[in-house]
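Observations on chain architecture
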Amino acid sequence: MKILEKYKELIISLVIILIVLGIIGINFYIDYQNKKVKIEDNNDNFSMIDNCAYTAFRMQFEPGYDYTHDMEYEEKIYHKVLSTYEEYQVFATGKNIDIDVTEKDFEDNFVIITAIENTSMVGLTVSHIYTEGIELHIQLDSFPENIDYDENETCIFIKLPKYMKQEIVKVEDIRKSKISAEKNYNWNNTNITNQKEVTLEEAIKIAKQYAKKIATSNSLTRKYLNNYTKVYEVNKTETRPNNFWLIEDGIIERQLEVADFTRTVYEVILVKPDDDLEIERAFFYVDVYTGEVIAGMEMSD
């Protein structure tokens, strides 16, 4: 009882702190959800990515119109930033944009419209939107396999929350960088006909050796690989080659490159022997047919 009395004030203080933190967390969650709801309202035909709403559409303009009249241009892609409903109305005049836009849409959001230069670029869709310093990056990539799209809808309407607005907007076709990455990392979708498969035991050995090698390299993620020798789990699955374990500088999310094709792999998940809770996990994807580690990732519970 004396011990309880001694620490009574400390316990009360801790309880109060936990209650305050809980209230802050709840308010943050509600605010985040409200932001999402505001973007999703009345947008049945929109897709969502990175807390932004987007849809493809066809811009039908009057004869003689040129995108350069009122859009920014870079690397064969045009874009227009529209901050207010009035700006949108001016831009939409004479272009027959069939998208339901209201003044309410601009209360917490702004709009960016993109257009491509020629038909050789048909089939682009939004793959990632993020901010970096004073730049807003909108990455465009090919539609996923087996996803149908209208080749006439060569423009994209994107509605973004105002907190993402930056001084510089970069709309990027990342298909070229993917091709370059496949050459840089020697990723090949080799023929598997009559190829002998690597055994599960061999895949585990390859993954452990790879982890040991990367741990002494210049890889940004080498710190995760100290003494990763315990097998957590092994799965046979499909994945695309990536450069996760090979990135040496910058921000991993920004530098991550992924191939366009998939390979059959062993997903070998390693942990540290002294990690009793097995919280920190390193993933190594060993190609079933070439016996090479072609991708990776790190995950924590």
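The following paragraphs examine the structure supplied in this document. Think of each chain on its own: its residues are numbered from 1, step by step along the sequence as written. Local features in a predicted model are, by the rule used here, given only for residues with pLDDT of at least 70; side-chain atom pairs are given and counted only at 80 or more, and totals for whole chains, interfaces and linings are based on all residues. For side-chain calculations, the full set of non-hydrogen atoms in the structure is used, while hydrogens and water are omitted.

1. Topic: helix α5 (residues 200-215)
When the terminal C-alpha atoms of α5 are compared, their 23 Å separation across 16 residues agrees well with the 22 Å that a helix rising 1.5 Å per residue should span. Of the residues making up α5, those classed as buried are Ala203, Ile204, Ala207, Tyr210, Ala211, Ile214 and Ala215. Projection of α5 onto a plane perpendicular to its axis shows the buried side chains occupying an angular sector of 130°, all on one side. For α5, exposure combined with an orientation more than 90 degrees from the buried face picks out Glu201, Lys205, Lys212 and Lys213. Where helices and strands are cited, they refer to DSSP runs of H or I of at least four residues and of E of at least two residues respectively, numbered from the N terminus. One fewer than the residue count of a helix, multiplied by 1.5 Å, yields its expected span. With a 1.4 Å probe rolled over the protein chains alone, any residue whose accessible area is under 20% of its type maximum counts as buried; one over 50% counts as exposed, and the rest are partly exposed. The directions considered for the arc run from the helix axis to the C-beta atoms.

2. Focus: the nonpolar core
Take the buried residues of types Ala, Val, Leu, Ile, Met, Phe, Trp, Tyr and Cys, join any two whose side-chain atoms come within 4.5 Å, and each joined set is a nonpolar core. If you look at the biggest cluster of nonpolar residues, it comprises 22 residues, and the most contacted ones within it are Tyr88, Ile97, Ile113 and Phe157. Elements with a contribution of two residues or more to this core: β2 (52-57), β4 (77-82), α3 (85-92), β5 (109-116) and β8 (155-161). Sort the elements by how many residues they give to this core and α3 lands first, with four residues. In terms of nonpolar packing, the next biggest core, distinct from the first, is built from 21 residues, Ile214, Ala215, Leu225 and Tyr266 among them.

3. Comments concerning the environment of tyrosine 266
Summarising the element assignment, tyrosine 266 is placed in strand β11 (residues 263-271). For tyrosine 266, a relative accessible area of 8% corresponds to the buried category. Sequence separation between tyrosine 266 and asparagine 235 is 31 residues, and the spatial gap between their C-alpha atoms is 5.6 Å. Residue contacts are defined here by distance: any two heavy atoms, one from each residue, within 4.5 Å place the two residues in contact. Apart from residues lying up to four places away in sequence, tyrosine 266 is in contact with Val198, Thr199, Leu200, Ala203, Val234, Asn235, Lys236, Phe284, Tyr285, Val286 and Val288.

4. Let's talk about the environment of asparagine 109
Tracing the sequence through the fold places asparagine 109 in strand β5. Residue asparagine 109 is classed as buried on the basis of its relative accessible area of 2%. A C-alpha to C-alpha distance of 10.0 Å links asparagine 109 and isoleucine 158, two positions 49 residues apart in sequence. N or O atoms within 3.5 Å of each other form a polar contact, as long as, within protein, one can give a hydrogen and the other can take it, and as long as residues adjacent in sequence are counted only when both atoms are side-chain atoms. There is a polar contact of 3.0 Å between the side chain of asparagine 109 and the backbone oxygen of aspartate 105.

5. Notes on unusual backbone geometry
The phi torsion of most residues other than glycine is negative, and most of the peptide bonds are trans. In this structure, glutamate 75 takes a positive phi of about 50° despite not being glycine. Phi angles above zero are rare outside glycine, and asparagine 186 is one such case at about 55°. With a relative accessible area of 57%, asparagine 186 lands in the exposed category.

6. Here's the deal with the pairing of β8
In terms of burial, β8 is largely enclosed, as seven of its seven residues are buried. The pairing criterion for strands is at least two bridges between them, as found by DSSP. Relative to β8, β2 runs antiparallel, the two sharing five bridges. Each bridged residue has a counterpart across the sheet, and for alanine 56 the counterpart in β8 is isoleucine 156. The pairing of β5 with β8 spans seven bridges and is classified as antiparallel. Counterpart to alanine 115 in the pairing with β8 is cysteine 155.

7. Focus: the sheet that holds strand β9 (residues 168-173)
By definition, the strands of a sheet pair up through backbone hydrogen bonds, in either a parallel or an antiparallel sense. Strand order in the open sheet made by the three strands is β6-β7-β9, with mixed pairing throughout. Each edge of the open sheet carries a strand with a single partner, namely β6 (124-132) and β9. The sheet shows a mean angle of 20° between the axes of neighbouring strands, taken without regard to direction. Two elements, β6 and strand β7 (residues 135-142), share eight bridges in a ladder whose sense is antiparallel. Bridge pairing in β7 links threonine 125 to aspartate 141. Between N-to-C directions, angles span 0 to 180 degrees; the directions come from axes that are lines fitted to C-alpha atoms, helices contributing only their stretch in contact.

8. Quick look at a negative patch on the surface
Where like charges cluster on the molecular surface, the negative patch consists of Glu86, Glu87, Glu103 and Glu107. Relative to the elements of secondary structure, glutamate 86 occurs in helix α3. Candidate patch residues must exceed 30% relative accessible area and have no salt bridge, after which like charges are joined if within 9 Å and Val, Leu, Ile, Met, Phe, Trp or Tyr side chains if within 5 Å. Areas reported here follow the Shrake-Rupley algorithm with a probe of radius 1.4 Å; residue values treat only the protein chains shown as occluding. What makes a salt bridge here is a side-chain nitrogen of Lys or Arg within 4 Å of a carboxyl oxygen of Asp or Glu, nothing more. Charge assignment: positive for Lys and Arg, negative for Asp and Glu; neither His nor the chain ends contribute. Here the site of a charge means atom NZ of a Lys, CZ of an Arg, CG of an Asp or CD of a Glu.

9. Notes on the packing of aromatic side chains
Centres within 6.5 Å are what make two rings of Phe, Tyr or Trp a pair, Trp counting through its six-membered ring; a difference in plane orientation under 30 degrees is then read as stacked, over 60 as edge-to-face, and the rest as tilted. Taken as a whole and assessed by the stated rule, the structure comprises twelve aromatic pairs. With a centroid separation of 4.7 Å and 45° between ring planes, the pair formed by tyrosine 73 and tyrosine 78 is classed as tilted. Each member of the aromatic cluster is reached from another via a ring pair, and the members are Phe46, Tyr85, Tyr88, Phe106 and Phe157. Here, a charge over a ring is recorded when the distance from Lys NZ or Arg CZ to the ring centre is within 6 Å and its angle to the ring normal is within 35 degrees. For the cation-ring pair, lysine 95 lies above phenylalanine 91, with the distance from its terminal atom to the ring centre recorded as 4.4 Å. Sitting over the ring of phenylalanine 110, lysine 165 keeps its end group 5.6 Å from the ring centre.

10. Overview of the side chain of threonine 221
Note on placement: threonine 221 falls in the loop between α5 and β10 (230-239). Contact partners of threonine 221, with chain neighbours within four places excluded, come to Phe244, Trp245 and Ile252.

11. Some words on the pattern of salt bridges
With the rule as written, the count across this model stands at seven salt bridges. Among the ionic pairs, lysine 170 bridges to glutamate 74, the shortest N-O distance being 3.5 Å. Taken together, the residues span a long stretch of sequence, with lysine 170 in strand β9 and glutamate 74 in strand β3 (residues 72-74) at a distance of 96 residues. Overall, the relative accessible area of 23% leaves lysine 170 in the partly exposed class. When the shortest N-O distance is used, the salt bridge between glutamate 278 and lysine 230 registers 3.2 Å. Taken together, the residues glutamate 278 in the loop between β11 and β12 (280-287) and lysine 230 in strand β10 connect sequence positions 48 residues apart.

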